[in-house]
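Chain and residue survey
Chain by chain, the residues run as shown.
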Amino acid sequence: HRVAARIALGAGAHDIAFSDDSRTAFVTNKAAGTVSVIDVPSLTVAREIPTGRSPGRVAFSRIARAAYVTDALDGSVTVLDAERREVVTRIATEPGVGGIAFDRKGRFGFAWNPDNDELAIVDAAQNRVVQTGHMDKGPDQVTFSDTLAYVRHSGTDTVLMIPLDQIGTLDKNGTLDRWAKG
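The present account deals with the structure reproduced in this document.

On to the side chain of serine 54. One can find serine 54 in the loop between strand E4 (44–50) and strand E5 (55–61). By relative accessible area, which is 10% here, serine 54 ends up buried. In this structure serine 54 touches Lys30, Thr70, Asp71, Ala72 and Leu73, once residues within four positions along its chain are discounted.

The antiparallel open sheet is built from four strands, whose spatial order is E9-E10-E11-E12. Only two strands of the sheet have a single partner each, and these edge strands are strand E9 (99–102) and strand E12 (128–134). Each strand axis lies, on average, 25° off the axis of its neighbour in the sheet, ignoring direction. Strand direction decides the pairing type here: E9 and strand E10 (residues 108–113), joined by four bridges, are antiparallel. Each bridged residue has a counterpart across the sheet, and for phenylalanine 102 the counterpart in E10 is glycine 109.

Strand order in the open sheet formed by three strands is E13-E14-E15, and the pairing between neighbours is antiparallel. Each of the sheet's edge strands pairs with one partner strand only, and the pair in question is strand E13 (139–144) and strand E15 (159–163). Ignoring strand direction, the axes of neighbouring strands in this sheet form an average angle of 25°. Of the pairings in the sheet, the one linking strand E14 (residues 148–153) to E15 comprises five bridges and is antiparallel in character. From the neighbouring strand, tyrosine 150 faces E15, where its bridge partner is methionine 161.

Topologically, threonine 28 is positioned in strand E2 (residues 24–29). Separated by 2.8 Å, the side chain of threonine 28 and the backbone nitrogen of aspartate 15 make a polar contact. A polar contact is formed between the side chain of threonine 28 and the backbone oxygen of glycine 56, at a distance of 3.1 Å.

Calculation notes
Residues numbered from 1 in each chain as written. Predicted model: local features only at pLDDT ≥ 70, side-chain atom pairs only at ≥ 80, totals over all residues. Heavy atoms only, no water. Helix = DSSP H or I, 4+ residues; strand = E, 2+ residues; numbered from the N terminus. Buried < 20%, exposed > 50% of the residue type's maximum accessible area, 1.4 Å probe, protein only. Contact = heavy atoms within 4.5 Å. Pairing = 2+ DSSP bridges. Axes fitted to C-alpha atoms, helices over the stretch in contact; angles between N-to-C directions. Polar contact = N/O pair within 3.5 Å; in protein donor to acceptor, adjacent residues only side chain to side chain.

Below, the structure is given as structure tokens:
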């Protein structure tokens, strides 16, 4: 029960996510436009990675072995490889994207946008948006059970439940399920 180290980070608000083996921490530096990659065993900053104008939230996908960083100003999700500690790709979403959370398997990332009431689902196996949908007022949190994603909204008492086995599937008319836009 003591402080193990103090690590200097970039300016601004921070969000943190750990790799699945807990050996790497990814910390956003909102005002600096970077993510600090921290080597946990040595408690040192291994790398500072520019990710956009205003990195906000970060989540880790164990399937992709990558951290996904949202940027509300750029309207993007930047993918950072955990081993190489570099940018893999940037996924376009919409300006205002607030955060991202992955299902328990690490396959699907749900990126919510409270500014335009949208949800974008990122497939970590393909690093692309596979589905989007309009939500109730102000989606601001997503959490998961083994079979469902629960989307909370700040502007209403609604919690939307999305079956994970229907992500990216087509309905009988050959289109994505009823809440999806494309």
